[in-house]
Amino acid sequence: PIVFDGSAGTVTGISAGGLPAGSVTSATLADGAASGTKLTMPANSIIKIQNYTNAAKSDVTSNSTWTKWDNTEVAFTPTFSNSKLEIMWVYSLMTNGNGNSGIGIQIWKEVGGTDTLLAVQYQYLHFYGDNWDGPGAVTTAYIDTLSSSSATSYYLKGYKEGGGTLSLNYGQDPTGMTCIIKEIKQ
């Protein structure tokens, strides 16, 4: 027989192989004994992955003004407060009729109503042809180190110093803007 002595904190009668199969059931556990389970994955394991797509088009029409691309905003609630997030957007950029000089892309984070600039990518010139033309597929990526498990939104802003309209997903393709977020255990 297996004997649990709560006063002494001992268990006797267990062979080297452990408890027999089926001997521990939810009826034999104290209330709440199985709560607070721990994820025991090694560091740098992917805990969660989410994929977002958006078919909308967003334009930057004003020169020298950072403009939020609403179709790039994604929300994510991390599992752990100390995880890292790998965030990657893939989308197309195009211009119409005039080359764009000074194209820029910013990565922003919003938590609890506070927006924070995370990174800036800046291209200095964008040539054009007879019609719509552009750099085509663009990848923008960032790794964020978290300090809480609060719901978080990430989004991009676009910028141009001069030239024609700068459009993200001009063709409004069903997967014209794709964002993948991976939560990585630390």
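Because the structure is a prediction, the values reported are computed rather than measured.

Student: Explain the packing of aromatic side chains residue by residue, including any values.
Tutor: According to the stated counting rule, one finds 4 aromatic pairs in the structure shown. A ring pair is formed by Y122 and Y159, whose centres lie 6.1 Å apart and whose planes are at 45°; its orientation type is tilted. Here Y122, found in strand β8 (residues 114-126), pairs with Y159, found in strand β10 (residues 152-159); they are 37 residues apart in sequence, far enough to count as distant. By way of ring pairs, the aromatic residues W66, Y122 and Y159 are connected into one cluster. Residue placement shows K157 over the ring face of W108; its charged tip is 4.3 Å from the ring centre.

Student: Describe the nonpolar core, with residues and values.
Tutor: W69, W89, Y91 and L93 are the most contacted members of the largest nonpolar core, which totals 21 residues. Sorting the residues of this core by element identifies β5 (67-76), β6 (84-95), β7 (100-111), β10, β11 (166-168) and β12 (177-184) as the ones contributing at least two each. The dominant element in this core, judged by the number of residues it contributes, is β6, at 5 residues. In contact with W89, other than residues within four places in its own chain, are T72, I107, V138, T139, T140, Y154, Y155, L156, M177, T178 and C179.

Definitions and limits used
Each chain has its residues counted from 1, following the order in which its sequence is written. Local features are withheld for residues below a pLDDT of 70 in this predicted model, meaning they are given only at 70 or higher, and side-chain atom pairs are given and counted only at 80 or more; totals for whole chains, interfaces and linings count all residues. As a convention, hydrogens and water are excluded, and side-chain values are obtained from all of the structure's heavy atoms. Classification of ring pairs rests on two measures: the distance between centres of Phe, Tyr or Trp rings, Trp counted by its six-membered ring, which must be within 6.5 Å, and the angle between planes, read as stacked under 30 degrees, edge-to-face over 60 and tilted in between. Helix and strand assignments follow DSSP, with helices taken as H or I runs no shorter than four residues and strands as E runs no shorter than two, numbered in order from the N terminus. The rule is short: NZ of Lys or CZ of Arg within 6 Å of the ring centre and within 35 degrees of the ring normal puts a charge over the ring. Definition of nonpolar core: a set of buried residues of the types Ala, Val, Leu, Ile, Met, Phe, Trp, Tyr and Cys, connected through side-chain atoms within 4.5 Å. Burial classes follow relative accessibility: with a 1.4 Å probe on protein chains only, a residue under 20% of its type's maximum area counts as buried, one over 50% as exposed, and anything between as partly exposed. Pairs of residues are marked as contacts when any of their non-hydrogen atoms sit within 4.5 Å.

Nothing here speaks to function; it is all geometry.
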